[in-house]
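Summary of the model geometry
Chain by chain, the residues run as shown.
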Amino acid sequence: MAGSWTDFLASVGILFLVINNKVLAQVVQAENVTVIEGGTAEINCKLHNYDGSIVVIQNPARQTLFFNGTRALKDERFQMVLFSPRLVKIALSNVNVKDEGGYFCQLYTDDTHHQVATLTVQVPPAEPTVEVKEQAVEGGEVELTCIVPRSKPPASVRWYRERREIIGVTSQQENDKTVSISNTIRFQVDRKDDKAIVSCEATHPALRGQKRVNNYALNVHYSPKVKIQYPAGVLREGDTLTLMCTTMGNPEPESVEWTRLNDSLPDRTEIQGKALTIPRLSMMDNGTYVCEGENQYGRSVDEYVLVVYDPGAIVEAQSSVPYAIIGGILAVLVFAVICVLIIIIWCSVRQKGSYLTHEASGLDEHGEVQEAFLNGNENREGKKEYLL
């Protein structure tokens, strides 16, 4: 009885080992792979206890690529890299999104076993492009759209100005297996915004932390502003005058117009580009000279008043300056002397008035004497004395 039970267990063990070895011989394992478009993908099929059975690798369309180590599909991009009892490796070069999908690793024994290696293709964005809806004009708005026409998975697109993000409206459109992304912004502009830089940045997992950036320079149109540059100092007869009319505008005025208020330009006037030159100046050239610049958004003018001096008059005026200074000093001294005399006379008059007042006060104290003189000798009719 015991021997029968032992024989039964031995038979079961032998059967288990046979079944287990058969299962192990049929195991195949595939690995998923991710590759950037244009790169090379390696598809691996791992074999366990390979017994020499037929190995077939098929593409996502279930077309046979390799039958054991032999090429079955005429696509030179597929190459057999390794065929061994443990690993079958093929390489696919110049990968595109159409190659994406599941690749079948099949092992044909008594039963067919297979595993699927999923190929994922990433499409990184190219440098974004910027589209402008219409020409930006001072005081108006500009609309800019940043476009990444193709990416997979969808790229992230943002606008920045001086490191500050400008929030826009993002939209996307499916295009076969890729996606087109756009981001649109609108903001008001002034002339100071002309040539300012706004940046469109695209990020994507395939870029590994890098960015695709388009730095766009704003082009804002505005009316011109003109200014006349003139020489410093006094202009005399016989000198040469050159005036330069500088302009600033977008678009820049191609030319400027020189005129003289209420008169025509002197016959000797030479105009080259934006410069006006008058040689051999005379007093007849005096006047207000005007420069005018214009574009389709407006016009601007600036004026310069020309005064030409007679050299002889200038010398005479300069030579008379010391005499004028001396005359001024003498006038001040005379005025000071007169003031002193007035003060002295005023003080003297005040003191004399004070003396007379005191003397009159003394006579009042001797009233009796005054009365005696007036009433003293009544018999002397012919003689009367008065003490005043």
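Quick note: structure is the one above.
What this report covers is the structure whose coordinates are included nearby. What you see is a predicted model, and the numbers here were worked out from it, not measured in a lab.

1. As for the overall build of the protein chain
- For the protein chain, the helix and strand inventory stands at 4 helices and 28 strands.
- Of the roughly 25,300 Å² of accessible surface on the protein chain, 54% is carried by carbon and sulfur atoms.

2. Things to note about the pairing of strand β18 (residues 197-203)
- The element β18 is largely enclosed, with a buried count of 5 among its 7 residues.
- Of the strand pairs in this sheet, strand β14 (residues 156-161) and β18 are connected by 5 bridges, and their pairing is antiparallel. Its bridge partner being in β18, Ser156 is matched across the sheet by Thr203.
- With 6 bridges joining them, β18 and strand β19 (residues 212-217) adopt antiparallel strand pairing. Bridging from a neighbouring strand, Ala202 pairs with Arg212 of β19.

3. As for the sheet that holds strand β25 (residues 275-278)
- Across the sheet, which stays open at both edges, the 5 strands sit in the order β12-β20-β22-β25-β24 with mixed pairing between neighbours. Lying at the two open borders of the sheet, with one neighbouring strand each, are β12 (136-137) and β24 (270-272).

4. Re the pattern of salt bridges
- Per the stated rule, a full pass over the model turns up 18 salt bridges.
- Here Glu292 makes a salt bridge to Arg299, at a shortest N to O gap of 2.8 Å.
- Connected via shared salt-bridge partners are Asp75, Arg77 and Asp99.

5. Examining the nonpolar core
- Formed by 26 residues in total, the largest nonpolar core has its most connected members in Leu65, Phe78, Ile90, Val95, Tyr103 and Leu119.
- Of all elements in the fold, only β1 (27-30), β2 (33-36), β3 (41-48), β4 (54-58), β5 (64-67), β8 (87-92), β9 (101-108) and β10 (112-122) reach the threshold of two or more residues within this core.
- If you tally residues by element for this core, the top one is β3, at 4 residues.
- For Val95, the contacting residues outside a window of four places in its chain are Val35, Glu37, Gly38, Gly39, Thr40, Ala41, Arg77, Leu119 and Val121.
- Ranked by size, the runner-up nonpolar core spans 21 residues in total, among them Ile166, Ile185, Ala196 and Val198.

6. A word on the sheet that holds strand β26 (residues 287-295)
- Taken in spatial order, the 3 strands make up an open sheet running β23-β26-β27, and their pairing is antiparallel. Only two strands of the sheet have a single partner each, and these edge strands are β23 (256-260) and β27 (298-306). Neighbour-to-neighbour, the strand axes of the sheet open up by a mean angle of 20°, direction not taken into account.
- In this structure, β26 lies alongside β27, joined through 9 bridges in antiparallel fashion.

7. Brief notes about the packing of aromatic side chains
- Scanning the entire structure with this criterion turns up 2 aromatic pairs.
- Ring centres of Phe78 and Tyr103 lie 6.4 Å apart, and the angle between their planes is 50°; this geometry places the pair in the tilted category. One end of the pair, Phe78, is in strand β7 (residues 78-83); the other, Tyr103, is in strand β9, and 25 residues separate them in sequence.
- Phe78 gets classed as buried once you look at its relative accessible area, which sits at 4%.
- Tyr103 gets classed as buried once you look at its relative accessible area, which sits at 2%.
- Arg62 extends its terminal NZ or CZ atom over the ring of Phe104, reaching a point 3.8 Å from the ring centre.

What counts, and at which threshold
- Residues numbered from 1 in each chain as written.
- Predicted model: local features only at pLDDT ≥ 70, side-chain atom pairs only at ≥ 80, totals over all residues.
- Heavy atoms only, no water.
- Helix = DSSP H or I, 4+ residues; strand = E, 2+ residues; numbered from the N terminus.
- Areas by Shrake-Rupley, 256 points an atom, 1.4 Å probe, with all protein chains shown as cover.
- Buried < 20%, exposed > 50% of the residue type's maximum accessible area, 1.4 Å probe, protein only.
- Pairing = 2+ DSSP bridges.
- Salt bridge = Lys/Arg side-chain N within 4 Å of Asp/Glu carboxyl O.
- Core = buried A, V, L, I, M, F, W, Y, C linked by side-chain atoms within 4.5 Å.
- Contact = heavy atoms within 4.5 Å.
- Axes fitted to C-alpha atoms, helices over the stretch in contact; angles between N-to-C directions.
- Phe/Tyr/Trp six-rings, centres within 6.5 Å; stacked < 30°, edge-to-face > 60°.
- Lys NZ or Arg CZ within 6 Å of the ring centre and 35° of its normal.

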